[in-house]
Amino acid sequence: MWAHAYLEQARSDWKTYAVVSENGCAACHELHYLQMTTEKLGKAALLRSRTASLDNVSKTHKAFVSFLKVAVRNPNLQKELSMSGRQLREYVIGLLPLADQIERLAPTLCQGGPNAEYPWETPSGEIMAPSLYDFSIVGDLSHPTGRKLLKLIAVILAKPDALL
């Protein structure tokens, strides 16, 4: 099943994200694996819910934010996080701006700007390599909202059958 394959790859990307982030690699590598994790997790969720076809899912990098917008109504996720429906909604809605920033790290969504994978040209004409760029989002991941997002990803990946 396609959803299962996307989920397994999301888990592998998540493990790689953890290794890379713990070993002081360039921020672009950490962000690349986080972006890939979230994209594949979102695609797995969309495929499991049958709200999107494989053809549509495979052509987009915009899956994680869409998934989160649906997850706010997930009673199993609410129970897992020991939250009321209102608390879960507020929790997830607070994560959407950061989730969107992560999603936009995909080269096809960055509109020719900073991305975690390929060099780009800055507005001043400088060619920038991701490995040399100071991604402010890395710092955001260590703040409360970032930690909440990382926790949510970990919780869902730990129990996908119950939470997707």
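Refer to the structure printed above.
Residues numbered from 1 in each chain as written. Predicted model: local features only at pLDDT ≥ 70, side-chain atom pairs only at ≥ 80, totals over all residues. Heavy atoms only, no water.

### Comments concerning the overall build of the protein chain
Broken down by element type, the protein chain carries nine helices and two strands. When its helices and strands are written in sequence order, the protein chain yields α-α-α-α-α-α-β-β-α-α-α. Radius of gyration (C-alpha) of the protein chain: 16 Å, near the 15 Å computed for a compact globule of 164 residues. With respect to the three principal axes, the spread of C-alpha positions in the protein chain is 50 × 35 × 25 Å. By residue count, 43% of the 164 residues in the protein chain fall in the buried class. Counting every atom, the protein chain has about 8800 Å² of accessible surface; 53% of that belongs to carbon and sulfur. (Helix = DSSP H or I, 4+ residues; strand = E, 2+ residues; numbered from the N terminus. Rg over C-alpha atoms; globule rule 2.2 N^0.38 Å. Buried < 20%, exposed > 50% of the residue type's maximum accessible area, 1.4 Å probe, protein only. Areas by Shrake-Rupley, 256 points an atom, 1.4 Å probe, with all protein chains shown as cover.)

### Section: helix α6 (residues 85-103)
In a regular helix each residue adds 1.5 Å, so 19 residues correspond to 27 Å; α6 covers 25 Å between its end C-alpha atoms and thus fits that length. Of all the bends in α6, the greatest, near 40°, is centred on Leu96, and the proline Pro97 appears no more than four residues after it. Those residues of α6 that sit buried are Leu88, Tyr91, Val92, Leu95, Leu96, Leu98, Ala99, Ile102 and Glu103. (Expected span 1.5 Å × (residues − 1). Bend = angle between axes of the 7 residues up to and from the residue.)

### Some points on the state of the cysteines
Put plainly, a disulfide is one covalent bond tying together the sulfur atoms of two cysteines. Evaluation of the coordinates by the stated rule reveals zero disulfides. Between Cys28, a cysteine without a disulfide, and Cys25, which holds the nearest cysteine sulfur, the sulfur-to-sulfur distance is 9.0 Å. The thiol of Cys110 is not disulfide-bonded; the next cysteine sulfur, from Cys28, is found 13 Å away. (Disulfide = S-S within 2.5 Å.)

### Points about the side chain of Glu30
Here Glu30 shows up in helix α2 (residues 27-49). Of the side chains bearing the opposite charge, Arg147 lies closest to the buried Glu30, which forms no salt bridge; the N-O distance is 12 Å. Among all residues touching Glu30, those that are not within four sequence positions of it are Tyr17, Val20, Ser21, Val138 and Leu141. (Lys, Arg positive; Asp, Glu negative; His and termini not counted. Salt bridge = Lys/Arg side-chain N within 4 Å of Asp/Glu carboxyl O. Contact = heavy atoms within 4.5 Å.)

### Considerations on the packing of α2 against helix α8 (residues 144-158)
Here α2 crosses α8 at 50°, and the two axes come no closer than 12 Å. On the basis of the axis angle, α2 is oblique to α8. In this structure, α2 meets α8 at a crossing whose hand is left-handed. In this structure, α2 uses Leu34, Thr37, Thr38 and Leu41 to contact α8, whose residues at the interface are Leu150, Ile153, Ile156 and Leu157. Residue composition of the contact of α2 with α8, grouped by class: six nonpolar, two polar and no charged. (Axes fitted to C-alpha atoms, helices over the stretch in contact; angles between N-to-C directions. Parallel < 35°, antiparallel > 145°, perpendicular 65-115°, else oblique. Left-handed = near helix turned anticlockwise from the far one by under 90°. Nonpolar A, V, L, I, M, F, W, Y, C, P; charged D, E, K, R; others polar.)

### Here we look at the packing of helix α4 (residues 64-71) against α8
The geometry of a pair of packed helices is captured by two quantities: the angle between their axes and the separation between those axes. Relative orientation of the contacting elements α4 and α8 amounts to 80°, with a least axis distance of 13 Å. Judged by the inter-axis angle, α4 sits roughly perpendicular to α8. Each of Phe64, Phe67 and Leu68 in α4 lies in contact with α8, whose residues at this interface are Leu149, Leu152, Ile153 and Ile156. Its residues assigned to classes, the contact of α4 with α8 shows seven nonpolar, no polar and no charged.

### Structural notes on the packing of aromatic side chains
Aromatic ring pairs are described here by two measures, namely the spacing of the ring centres and the angle between the planes. Under the counting rule described, the total for this entry stands at five aromatic pairs. Aromatic side chains Trp14 and Tyr17 sit 5.3 Å apart centroid to centroid with 25° between the ring planes, which places their arrangement in the stacked category. Here Trp14 and its partner Tyr17 are both found in helix α1 (residues 2-22), three residues apart, which amounts to about one turn of the helix. Across the pair, exposure class does not vary: Trp14 and Tyr17 are buried alike. Members of the aromatic cluster, connected to one another through ring pairs, are Trp120, Tyr133 and Phe135. (Phe/Tyr/Trp six-rings, centres within 6.5 Å; stacked < 30°, edge-to-face > 60°.)

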